[in-house]
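Observations on chain architecture
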Amino acid sequence: MKKIILAAILAVGMVSSTFALNLSLGVKGLLGANVGTSVDGAIADVTSIAGDPEARTNFLYGGGAYVDFSLLGPLGLQLGANIGQNKVTVTDDAGNEVSTYKELLLDIPLLIWADLKLGPIGLGLGIGPNLSFSLGTDYSIAGATEAVKELLPEISVNKAVWGITAGANAKIYFNKHLGLVAGGSYTLDLQKKEINLATIQAGPLIEFKRSVLYANLGLECKIF
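Predicted, not measured: the structure shown is a model, and the values here were computed from it.

What about the overall build of the protein?
The helix and strand inventory of the protein stands at three helices and 13 strands. Counting every position in the protein, which comprises 224 residues, the buried fraction comes to 38%. In the protein, once contacts between residues fewer than 6 apart in sequence are set aside, the share between residues at least 24 apart is 73%. Carbon and sulfur atoms form 69% of the exposed surface of the protein, whose accessible area is close to 12,100 Å².

Considering the confidence of the model for the protein
Mean pLDDT over the protein: 81, with 78% of residues reaching 70 or higher. When pLDDT is averaged over each helix and strand of the protein, the minimum, 44, is found for helix H1 (residues 2–18) and the maximum, 96, for strand E10 (residues 178–189).

Quick word on the sheet that holds strand E12 (residues 206–209)
Read across the sheet, four strands follow the order E2-E12-E11-E8 without closing on themselves; strand pairing throughout is antiparallel. On the outer flanks of this sheet lie strand E2 (38–40) and strand E8 (155–157), each paired with one strand and no other. For this sheet the average axis-to-axis angle between neighbouring strands, irrespective of direction, equals 20°. In terms of strand pairing, E2 meets E12 through three bridges, oriented antiparallel. Residue pairing in the sheet places Asp-40 in a bridge with Glu-207 of E12.

Observations regarding the side chain of Lys-171
Following the sequence through the fold, Lys-171 ends up in strand E9 (residues 160–173). At 3.4 Å, the side chain of Lys-171 and the side chain of Asp-115 are in polar contact. Setting aside anything within four residues of it in sequence, one finds Lys-171 in contact with Asp-68, Asp-115, Pro-120, Ile-121, Gly-122, Leu-180, Val-181 and Glu-220.

Here's the deal with the environment of Asn-175
Take Asn-175: it is sitting in the loop between E9 and E10. Linking Asn-175 and Cys-221, residues 46 residues apart in sequence, is a C-alpha distance of 9.9 Å. Among the polar contacts listed, one links the side chain of Asn-175 to the backbone nitrogen of His-177, at a separation of 2.9 Å.

Structural notes on the nonpolar core
In summary, soluble globular proteins display a tendency toward joint burial of nonpolar side chains. Among the nonpolar cores identified, the biggest contains 13 residues, and Tyr-101, Tyr-139, Ile-155, Ile-195, Ile-206 and Phe-208 are the most heavily contacted of them. Only strand E5 (75–91), E8, strand E11 (193–197) and E12 provide two or more residues apiece to this core. When near neighbours in sequence (up to four residues on either side) are disregarded, Tyr-101 contacts Asn-86, Lys-87, Val-88, Ser-134, Thr-137, Asp-138, Tyr-139, Ile-155, Val-157, Ile-195 and Phe-208.

As for the pairing of E9
With 13 bridges connecting them, strand E7 (residues 121–141) and E9 associate as antiparallel partners. Residue pairing in the sheet places Leu-123 in a bridge with Ala-170 of E9. As paired elements, E9 and E10 share 11 bridges and run antiparallel to each other. The partner of Gly-163 across the bridge, within E10, is Asp-189. Hairpin geometry of E9 and E10 is characterised by an intervening segment of four residues between the two adjacent antiparallel strands.

Cut-off values and rules
- Residues numbered from 1 in each chain as written.
- Predicted model: local features only at pLDDT ≥ 70, side-chain atom pairs only at ≥ 80, totals over all residues.
- Heavy atoms only, no water.
- Helix = DSSP H or I, 4+ residues; strand = E, 2+ residues; numbered from the N terminus.
- Buried < 20%, exposed > 50% of the residue type's maximum accessible area, 1.4 Å probe, protein only.
- Contact = heavy atoms within 4.5 Å.
- Areas by Shrake-Rupley, 256 points an atom, 1.4 Å probe, with all protein chains shown as cover.
- pLDDT = per-residue confidence, 0-100.
- Pairing = 2+ DSSP bridges.
- Axes fitted to C-alpha atoms, helices over the stretch in contact; angles between N-to-C directions.
- Polar contact = N/O pair within 3.5 Å; in protein donor to acceptor, adjacent residues only side chain to side chain.
- Core = buried A, V, L, I, M, F, W, Y, C linked by side-chain atoms within 4.5 Å.

Dropping the structure here:
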């Protein structure tokens, strides 16, 4: 009987340790760049007269926060919220700016996340879906007439776009609860962002799929 009770206690202990919940909160700053954003649409058709349109690389800035749950050993979930700018500048073969689209974005990634230990350093990596919301937009065409400029504020944009994101980080804790985190992430939109003039139904001015690489640096607090 004692052996049975002891075996039951050990089994419960193993299960509870396996499913132990670890909870961490983090904040970070972001610095990124478009690394392969594709461009299509009416503006792309215009620039194709002189050559294939290109999306110029622009540095992107932002910040975010995340919650990290470890549910099954090192495996868990990471839910984040990042706010930052996106900028797509279309140029022709000569490098001349044709149009510029800027927006303020809210990204909400949900990653399957693994936290691993390598001595005093923690390593994390994950992948999952990303939902991107456009919070505000600004669009301009180089050399546009005053009549065209009056129409530009009346643009319409699909506000939410699905994508996928993947990331990795390294962290080192100063004490039991507070640590420094540095890492990188990649976000790819699976849906096209369409920029249209609300008063003209001739098709989108620009369609693009965001492909952006971010570096990040921040702090993480382990709750338990």
